[in-house]
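Structural description and commentary
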Amino acid sequence: GALRHPGGTVANYWSLVNGTYSTPCENPELPVLGDRCKYADAIARNGLPRPQDRFTPDNFVRGVGSVLPNGSATSELRWLPVVFDLNLLTLSEADTIAQLDALDPVVEAASRRGQTVMIELGNELFYSLFYSPVVPNASAYVSRIRPLVREIRRRYGGAEKASL
């Protein structure tokens, strides 16, 4: 198994760059998502804190991406595999790629300690009811991820790759 950050629907409204919700309705590059974009915007505007820099990839890995077996010395720290799910729905192309900047130091540190890091490209974007304004079909998804895939290959060229 692996730990996934952010998990589920939250990934579609999250920015790994600053470790908090993005504000999708303010993104001029994307079509308005109607009621669906109000979710993150409501959190941002109506009383729930936006914990800037609290849930960044680095904090996630250091906070929950490691375990210390009961009774073990700190030198026996074990690093768990982690999956970072990139927001492809509510960020611009530039902001989507900027998420990799936030991952670079995490990937580098993980590589030194033998920890597995995986990158997921969006969360359940096949749900046409919710995401069709941005990703109406598989071709649109491929078009959306193409610049990101190029950048992932450039940065992490020696990494193993897979797609499902």
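A brief look at the structure comes next. (Residues numbered from 1 in each chain as written. Predicted model: local features only at pLDDT ≥ 70, side-chain atom pairs only at ≥ 80, totals over all residues. Heavy atoms only, no water.)

Another aspect to go through is the overall build of the chain. Secondary structure summary: the chain contains five helices and seven strands in total. Listed by position from the N terminus, the elements making up the chain come as β-β-β-α-α-β-β-β-α-β-α-α. Expressed as a percentage of the 164 residues in the chain, the buried residues total 38%. When contacts within the chain are restricted to residue pairs at least 6 apart in sequence, those whose partners lie at least 24 apart make up 70%. Surface summary for the chain: the accessible area is close to 9,400 Å², and the carbon and sulfur share equals 53%. (Helix = DSSP H or I, 4+ residues; strand = E, 2+ residues; numbered from the N terminus. Buried < 20%, exposed > 50% of the residue type's maximum accessible area, 1.4 Å probe, protein only. Contact = heavy atoms within 4.5 Å. Areas by Shrake-Rupley, 256 points an atom, 1.4 Å probe, with all protein chains shown as cover.)

Our next topic: the nonpolar core. In this structure, Phe84, Leu86, Leu100, Leu103, Leu121 and Leu148 are the most contacted members of the largest nonpolar core, which totals 25 residues. Looking at this core, the elements with two or more residues in it are helix 2 (57-64), strand 6 (82-86), helix 3 (93-113) and helix 5 (138-155). The element that contributes the greatest number of residues to this core is helix 3, accounting for five residues. In this structure Leu103 touches Leu16, Pro57, Phe84, Leu86, Ile119 and Tyr156, once residues within four positions along its chain are discounted. (Core = buried A, V, L, I, M, F, W, Y, C linked by side-chain atoms within 4.5 Å.)

Moving on: the pattern of salt bridges. Taken as a whole, this structure holds seven salt bridges when the rule is applied. Close ionic contact of Glu108 with Arg112 constitutes a salt bridge, the shortest N to O distance being 3.1 Å. With a gap of four residues between them, Glu108 and Arg112 both fall in helix 3, about one helical turn apart. Residue Glu108 shares its accessibility class with Arg112, and that shared class is exposed. Two residues, Glu151 and Arg154, come together in a salt bridge whose shortest N-O distance is 2.6 Å. With Glu151 and Arg154 both in helix 5, this residue pair falls three residues apart, about one helical turn. Residue classification places Glu151 among the buried residues on the basis of a relative accessible area of 15%. Salt bridges here are not isolated pairs; linked through shared partners, they connect Asp101, Asp104, Glu151, Arg154 and Arg155. (Salt bridge = Lys/Arg side-chain N within 4 Å of Asp/Glu carboxyl O.)

So, about the packing of aromatic side chains. Counted according to the given criterion, the structure contains one aromatic pair. With centroids separated by 6.2 Å and ring planes inclined at 75°, the aromatic side chains of Phe60 and Phe84 adopt a geometry described as edge-to-face. Taken as a pair, Phe60 in helix 2 and Phe84 in strand 6 lie far apart in primary sequence, 24 residues in all. Judged on exposure class, the residue Phe60 and its partner Phe84 are both buried. Cation over ring: Arg113 sits above Trp79, and NZ or CZ is 3.7 Å from the ring centre. (Phe/Tyr/Trp six-rings, centres within 6.5 Å; stacked < 30°, edge-to-face > 60°. Lys NZ or Arg CZ within 6 Å of the ring centre and 35° of its normal.)

Quick look at unusual backbone geometry now. Cis geometry is found at the peptide bond from His5 to Pro6, where omega equals -25°. Summarising the element assignment, Pro6 is placed in the loop between strand 1 (3-5) and strand 2 (14-15).

Take the side chain of Thr56 next. Inspection of the secondary structure puts Thr56 in the loop between helix 1 (38-45) and helix 2. Thr56 has contacts with His5, Asn18 and Gly19, leaving out every residue within four places of it along the chain.

Turning our eyes to something else, we now look at the pairing of strand 6. Judged by how many residues are buried, strand 6 sits mostly within the fold: five of five residues are covered. Taking every second residue as pointing to the same face, both faces of strand 6 are buried, with Val82, Phe84 and Leu86 on one and Val83 and Asp85 on the other. Two elements, strand 1 and strand 6, share three bridges in a ladder whose sense is parallel. By the bridge assignment for strand 6, His5 is matched with Phe84. Where strand 6 lies against strand 7 (residues 117-121), five bridges are found, and the strand directions are parallel. Bridge pairing in strand 7 links Leu86 to Leu121. (Pairing = 2+ DSSP bridges.)

Honestly, that's just the spatial picture; any functional story needs more than this.
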